[in-house]
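Take a look at the letters that make up each chain.
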Amino acid sequence: MYPKISIITPSFNQGNYINFAIQSVKEQNYPNFEHIILDNCSTDKTIEHLKKYDHLIWKSERDKGQSDALNKGFSMATGDIVGWLNADDKYLPGCFQKIANCFAEAPQSDIAYGDYRWINEKGDVFQSRREIDFDYFILKYLHVLYIPSTSTFFKRRIFDEGNFLDDSFQYAMDYEFFLRLALKRYKFIHVHSYLADFRWHTENKSVVALQKQINEQEMALLRHDELLQKVPSSARAYLRQMLKLMARGKRYLLKGMKGYYFNQWQHQAVD
């Protein structure tokens with residue numbers, strides 16, 4: 001029995017990369033999936049590429065941004081498991097089967113995330129990213145989001161229970177979403193396998209809008225963290241910096257104990 005997996009891909013002018021994303025889904029050799037693409041009226045070759053694939057479910061229409069497009073896709077999804085794949089990223093072979101196995105072996109889990117690799121514009125791997133098991137303190141206070149959306153999958157019940165991205169966030173929507181799910185006691189589980197490739201290029205939001213992303217992360221944290229809410233604004237920045245350093249130190253320690261830093265620059269094969 002293969003649980004159905006729905007993949008949601010928001011798209012806007014990613015014609016240089018979207019074929020790789022589509023092929024990485026199609027070539028999973030997994031018998032029960034759907035791939036839904038929500039395109040924001042791209043003006044490059046994206047639509048031309050989408051028309052080549054009979055298996056896709058896709059729309060090209062105006063949206064209010066990436067979060068809005070993803071929410072439309074989450075609402076359309078019919079799978080038991082839902083994944084979020086940006087148009088410039090791609091899955092690694094065997095990803096779907098590993099996720100299906102993970103949820104079968106840990107049926108109490110709601111969100112599964114795996115390890116991933118960084119690739120450049122040409123698709124060359126330049127760093128391998130093994131991550132730690134879920135830690136709520138680190139999720140809240142680390143200076144970066146250590147759970148990669150590109151290798152994260154959700155149980156369908158998360159969306160059935162009314163949980164969607166906050167579309168007022170355009171740069172840290174994943175961070176805010178994960179914080180909110182953790183507060184609601186949904187259970188995260190870490191898959192100790194490389195599941196996806198995250199592509200770095202000049203149009204990445206993390207490159208072109210880094211400060212906006214940082215600002216939105218801070219907004220989300222203050223919204224959801226009772227400790228920071230109770231601290232006077234005059235002392236909040238100092239406390240935030242201390243918590244950030246503590247989270248960073250804890251993550252360094254946990255990853256260092258597992259030896260992850262010794263091989264992150266090696267080109268890891270799919271495991």
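Residues numbered from 1 in each chain as written. Predicted model: local features only at pLDDT ≥ 70, side-chain atom pairs only at ≥ 80, totals over all residues. Heavy atoms only, no water.

**Section: the overall build of the chain**
What counts is decided by this rule: A run of DSSP states H or I qualifies as a helix once it reaches four residues; a run of E qualifies as a strand once it reaches two. Both are numbered from the N-terminal end. We call a residue buried when its accessible area falls under 20% of the maximum for its residue type, exposed when it is over 50%, and partly exposed in between, using a 1.4 Å probe and counting protein chains only. Two residues form a contact once any of their heavy atoms are found within 4.5 Å. With residues, only the protein chains shown are counted as cover, and all accessible areas are computed by Shrake-Rupley using a 1.4 Å probe. The sign given to each residue is positive for Lys and Arg and negative for Asp and Glu; His and the chain ends receive no count. Charge placement uses NZ in Lys and CZ in Arg. For Asp and Glu, CG and CD serve respectively.
Each helix and strand counted, the chain has 11 helices and nine strands in total. If one aligns the C-alpha atoms of the chain with their principal axes, the spans along those axes are about 55 × 40 × 35 Å. Counting all 271 residues of the chain, 55% fall into the buried class. When contacts within the chain are restricted to residue pairs at least 6 apart in sequence, those whose partners lie at least 24 apart make up 76%. Summed over its atoms, the accessible surface of the chain is roughly 12700 Å², and 54% of this surface lies on carbon and sulfur atoms. In the chain, 36 positive and 33 negative side-chain charges are present, and the distance between their average locations comes to 3 Å.

**Brief notes about helix 11 (residues 233-257)**
Rules: To estimate the expected span of a helix, subtract one from its residue number and multiply by 1.5 Å.
Taking 1.5 Å as the rise per residue, helix 11 with 25 residues should run 36 Å; its terminal C-alpha atoms sit 36 Å apart, in good agreement. Within helix 11, the full set of buried residues consists of Arg 240, Leu 243, Ala 247, Arg 251 and Lys 255. Considering only its buried residues, helix 11 is in contact with strand 7 (125-129), helix 5 (136-141), helix 9 (210-224) and helix 10 (226-230). With its phi angle positive at about 75 degrees, Gly 259 sits one or two positions after the end of helix 11.

**Some remarks on the pattern of salt bridges**
This is how it is decided: We define a salt bridge as a side-chain nitrogen of Lys or Arg found within 4 Å of a carboxyl oxygen belonging to Asp or Glu.
Applying the stated criterion to the full structure yields 18 salt bridges. As a salt-bridge pair, Lys 255 and Glu 131 come within 3.7 Å of each other at their nearest N and O atoms. On the criterion of sequence distance, the pair formed by Lys 255 in helix 11 and Glu 131 in the loop between strand 7 and helix 5 is long-range, its members being 124 residues apart. Of the two residues, Lys 255 and Glu 131, both sit in the buried class. The salt bridge partner of Lys 140 is Asp 225, with a shortest N-O separation of 2.8 Å. Of this pair, Lys 140 sits in helix 5 while Asp 225 sits in the loop between helix 9 and helix 10; the two residues are 85 residues apart in sequence, bridging distant segments of the chain.

**What about the packing of helix 7 (residues 173-183) against helix 9?**
Put simply, the test is: Note on geometry: axes are C-alpha line fits, over the in-contact stretch for helices, and angles between N-to-C directions span 0 to 180 degrees. Roughly parallel means an angle under 35 degrees; roughly antiparallel, over 145; roughly perpendicular, 65 to 115; everything else is oblique. It is the rotation of the near helix from the far one that decides the hand of a crossing: anticlockwise by less than a right angle makes it left-handed, clockwise makes it right-handed.
Interhelical geometry of helix 7 versus helix 9 gives an angle of 15 degrees and a closest axis separation of 9 Å. As the angle between them shows, helix 7 and helix 9 are arranged roughly parallel. In this structure, the crossing between helix 7 and helix 9 has a hand that is right-handed. Across the interface between the two elements, Met 173, Tyr 175, Glu 176, Leu 179, Arg 180 and Leu 183 of helix 7 pack against Glu 216, Gln 217, Ala 220, Leu 221, Arg 223 and His 224 of helix 9.

**Focus: the packing of aromatic side chains**
The following threshold applies: Any two rings among Phe, Tyr and Trp, with Trp reduced to its six-membered ring, count as a pair given centres within 6.5 Å; such a pair is stacked if its planes are under 30 degrees apart, edge-to-face if over 60, and tilted if neither. For a ring to carry a charge above it, either NZ of a lysine or CZ of an arginine must fall within 6 Å of the ring centroid while also lying within 35 degrees of the normal to the ring plane.
In this structure the tally under the stated criterion is 21 aromatic pairs. Taken together through their ring pairs, the aromatic side chains of Phe 74, Phe 134, Phe 154, Phe 159, Phe 164, Phe 177, Phe 178 and Phe 188 make up a single cluster. The ring of Trp 118 carries Arg 129 above its face, with NZ or CZ at 4.3 Å from the centroid. The ring centre of Phe 20 lies 5.4 Å from the NZ or CZ of Arg 199, which sits over that ring.

**Side note on the UniProt feature "domain: Glycosyltransferase 2-like" (unreviewed entry) in the chain**
Keep this limit in mind: UniProt positions are given in the numbering used here, feature names are shortened, and annotations may be inferred rather than shown by experiment.
Per the UniProt record, "domain: Glycosyltransferase 2-like" (unreviewed entry) is annotated on residues 6-161. Summarising residues 6-161: 29% helix, 26% strand, and an end-to-end C-alpha distance of 17 Å.

**Side note on the state of the cysteines**
Let me state the cut-off plainly: Note on disulfides: each one is a pair of cysteine sulfur atoms within 2.5 Å.
In this structure the tally under the stated criterion is zero disulfides. Take Cys 95: it sits in no disulfide, and the sulfur closest to it among the cysteines is that of Cys 102, at 11 Å.

**Quick word on the pairing of strand 2 (residues 33-39)**
Test applied: When DSSP locates at least two bridges between a pair of strands, those strands are taken to pair. Crossovers are described as right-handed under a simple rule: with the strands pointing away from the observer, the path leading from the first strand over the helix to the second runs clockwise.
The buried fraction of strand 2 is high, at six of seven residues. Direction of pairing for strand 1 (residues 5-11) relative to strand 2: parallel, over a ladder of seven bridges. Each residue of the ladder has a partner; that of Thr 9, found in strand 2, is Ile 37. In this fold, strand 1 hands off to helix 1 (residues 18-26), which returns the chain to strand 2; that crossover is right-handed. Note: strand 2 against strand 3 (residues 57-60), four bridges, orientation parallel. For Leu 38, the partnering residue across the bridge sits in strand 3 and is Lys 59.

**Observations regarding the environment of Leu 221**
As for its position among the elements, Leu 221 is in helix 9. Those residues in contact with Leu 221 that sit more than four places away from it in its chain are Lys 140, Tyr 141, Tyr 175, Leu 179, Leu 228 and Arg 240.

**Observations concerning the pairing of strand 8 (residues 152-155)**
Residue alternation in strand 8 divides its side chains into two sets, Thr 152 and Phe 154 and Phe 153 and Lys 155, and both sets are buried. The pairing of strand 4 (residues 81-84) with strand 8 spans three bridges and is antiparallel. Across the sheet, residue Val 82 finds its bridge partner in strand 8, namely Phe 154. Of the strand pairs in this sheet, strand 6 (residues 111-119) and strand 8 are connected by three bridges, and their pairing is antiparallel. Among the inter-strand pairings, Ile 111 is bridged to a residue of strand 8, identified as Phe 154.

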